[in-house]
Amino acid sequence: MLLEQEAATPPAPPHQRRLSHGKSGEAVLARNPTCKLGVTLEFLVTFLQDLDEGFFQGDGDFTTDDLVEKFIKPAVKETQCRYVDLIDQRFVMPPTVFVSHRWKGGFRFLVLRLMKQFKYATDQAARHTSVWIDVFAVNQNQNAETKQDIDGFESVIEATRITAFNLDEKGEALRRIWCLYEVWKTFAHRGVDSLLVMSEGIDALALREVFYTVDVAKAEAFMQSDVDRILADIKKEFDFLDFNRKVREALLESTTRQVQSVGTSGEAGGNADEQLASLHQHVTMLRTTGKFAEAVPVAQRQLELAKNAHGEEHPGVALALNCLAGLYESMGKYDDALPLFERSLAI
């Protein structure tokens, strides 16, 4: 399998530009401040396609950590530069979106979520949306520039307009201290309305367990020094219990705002599938936090929209029925839940 190949000489990155080397062997590269090193969605999509057809062909589940260790680090080993320095600079520009994600999560999953979130397939302007992703913008050679780049995380969050938080299937991002730090700095600098939670396809039960047990004091990172540093930073402003509560509130409020935004566009004839996805996401988050009664009208709205958009026998209707039935079951309203479960199974 290609994933197991010797990674010392990875293929040329997409849109790679020529580097000019001096006698010392170091590349002569333009060094931009970290906060300016976003890559366009067009680059990101092409990059993923090239990986699928080449280096990671046959491995659809490679993680972001796999990408860094097996592709990016070998690619920048000789030049000791950031990966973003190797690509055609037409695709590098100041970012508007900071991407918060877990390295053990699937890289393809992350890119596909970004594509869907910013309507890449239907909106030509989305190709030029610039996103800041650490694996490209941070020097991965563990040198002096790496520390400089990491020290600049907060300034990147402050400089961008949106933080796209990639909440993986089982909510494990909430156990990573860097992800919690990035959520915190987002609502500290820009307010919670700038936090965009990408949570399509999450496991509601797994997320509920993680959500309720969010504990920054027990969060993890690849390097213990990162944990110690971030905890010390948090202690200057919060006790940990208060911090955990604020993170949960920010995540829930973010999904509420997304529903309100999609709902407004929907009343003017917006995309029904986008509205359904947003409503389902919000129901899941409300259910996760035990707000069953508050979730019921949202689930009912999801069901009615699914019926109106797709008819009575559509899988989206089955999903909405099951979702509403689960809420009633959680509230002890078994007589209300049973016929909905039965109807869902019949579709």
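Computed from a predicted structure; not experimentally measured.

A. Region of interest: the overall build of the protein. Looking only at helices and strands, the protein features 14 helices and 8 strands. Residue pairs in contact within the protein that sit at least 24 positions apart in sequence constitute 78% of those at least 6 positions apart. Accessible surface for the protein amounts to roughly 16,400 Å². Of this, 50% is attributable to carbon and sulfur atoms.

B. Structural context of the packing of aromatic side chains. Applying the stated criterion to the full structure yields 23 aromatic pairs. Taking 5.1 Å as the distance between ring centres and 85° as the angle between the ring planes, the aromatic pair formed by Phe-55 and Phe-56 counts as edge-to-face. In terms of burial, Phe-55 and Phe-56 fall into one category: buried. Aromatic ring contacts, followed pair by pair, group Phe-43, Phe-47, Phe-55, Phe-56, Phe-62, Phe-71, Tyr-83, Phe-107 and Phe-136 into a single cluster. Arg-176 extends its terminal NZ or CZ atom over the ring of Phe-222, reaching a point 5.3 Å from the ring centre. When the ring centre of Trp-184 is taken as reference, the NZ or CZ atom of Lys-185 above it lies at 3.9 Å.

C. Spotlight on the sheet that holds strand 6 (residues 130–132). In spatial order, the strands read 4-3-6-5-7-8; together these 6 strands make up an open sheet with mixed pairing. Strand pairing shows two members of the sheet lacking a second neighbour, strand 4 (92–93) and strand 8 (195–198), which therefore form its edges. Pairing geometry for strand 5 (residues 97–100) and strand 6, over 2 bridges, is parallel. When the sheet's bridge partners are listed, Phe-98 is paired in strand 6 with Trp-132.

D. Inspection of the packing of helix 11 (residues 272–288) against helix 12 (residues 292–310) at higher detail. For the pair helix 11 and helix 12, interaxial distance at closest approach is 9 Å and the crossing angle is 160°. Taken as axis vectors, helix 11 and helix 12 run roughly antiparallel relative to one another. The handedness of the crossing between helix 11 and helix 12 comes out as left-handed. The residues of helix 12 that touch helix 11, namely those facing Ala-272, Asp-273, Gln-275, Leu-276, Leu-279, His-280, His-282, Val-283, Leu-286 and Arg-287, are Phe-292, Glu-294, Ala-295, Val-298, Ala-299, Arg-301, Gln-302, Leu-305, Ala-306, Ala-309 and His-310. Its residues placed into classes, the contact of helix 11 with helix 12 shows 12 nonpolar, 5 polar and 4 charged.

E. Helix 7 (residues 177–189), seen in detail. Relative to the 18 Å expected for 13 residues at 1.5 Å per residue, helix 7 spans 18 Å between its end C-alpha atoms, a close match to the ideal helical length. Extensive coverage of helix 7 is indicated by the burial of 10 of its 13 residues. Of the positions making up helix 7, those classed as buried are Ile-177, Trp-178, Cys-179, Leu-180, Tyr-181, Glu-182, Val-183, Trp-184, Lys-185 and Thr-186.

F. Structural context of the pattern of salt bridges. For the structure shown, the criterion picks out 17 salt bridges. Between Lys-185 and Glu-154 there is a salt bridge; the shortest N-O distance is 3.3 Å. In this pair, Lys-185 sits in helix 7 while Glu-154 sits in helix 6 (residues 153–159), placing the two residues 31 residues apart along the sequence. Put simply, Arg-245 and Glu-249 hold a salt bridge, and the shortest N to O gap is 2.8 Å. On the criterion of helical spacing, the pair formed by Arg-245 and Glu-249 is a turn pair, its members being 4 residues apart in helix 10 (residues 240–267).

Conventions and cut-offs
- For every chain, the first residue of its written sequence is number 1, and the numbers climb from 1 along that sequence.
- Side-chain atom pairs in this predicted model are given and counted only at pLDDT of 80 or more, local residue features only at pLDDT of at least 70, and totals for whole chains, interfaces and linings cover all residues.
- Here the side-chain values reflect all heavy atoms present in the structure, with hydrogen atoms and water set aside.
- Secondary structure follows DSSP: runs of H or I at least 4 residues long count as helices, runs of E at least 2 residues long count as strands, and numbering of each begins at the N terminus.
- Contacts are assigned to residue pairs that have any heavy atoms within 4.5 Å of one another.
- Accessible surface is estimated by sampling points in the Shrake-Rupley manner with a 1.4 Å probe; for residues, cover comes only from the protein chains shown.
- Ring geometry is summarised as follows: Phe, Tyr and Trp rings, the Trp one being its six-membered ring, pair when their centres sit within 6.5 Å, and such pairs are stacked at plane angles under 30 degrees, edge-to-face over 60 and tilted between the two.
- Burial classes follow relative accessibility: with a 1.4 Å probe on protein chains only, a residue under 20% of its type's maximum area counts as buried, one over 50% as exposed, and anything between as partly exposed.
- Distance and angle both matter: a charge sits over a ring if NZ of Lys or CZ of Arg is within 6 Å of the ring centre and within 35 degrees of the ring normal.
- Note: two strands are recorded as paired if DSSP finds a minimum of 2 bridges between them.
- The axes are straight lines fitted to the C-alpha atoms, using for helices just the contacting stretch, and the angles between their N-to-C directions are given from 0 to 180°.
- Here the angle decides the label: under 35 degrees means roughly parallel, over 145 means roughly antiparallel, 65 to 115 means roughly perpendicular, and every other value means oblique.
- With the far helix as reference, a near helix turned anticlockwise by less than a right angle produces a left-handed crossing, and one turned clockwise produces a right-handed crossing.
- Three classes are used, and their members are as follows: Ala, Val, Leu, Ile, Met, Phe, Trp, Tyr, Cys and Pro are nonpolar, Asp, Glu, Lys and Arg are charged, and the others, Gly among them, are polar.
- Here a helix's expected span is defined as the number of its residues, less one, multiplied by 1.5 Å.
- Just to be clear on terms, a salt bridge is a Lys or Arg side-chain nitrogen sitting within 4 Å of an Asp or Glu carboxyl oxygen.

Function-wise, these values are silent; they only describe arrangement.
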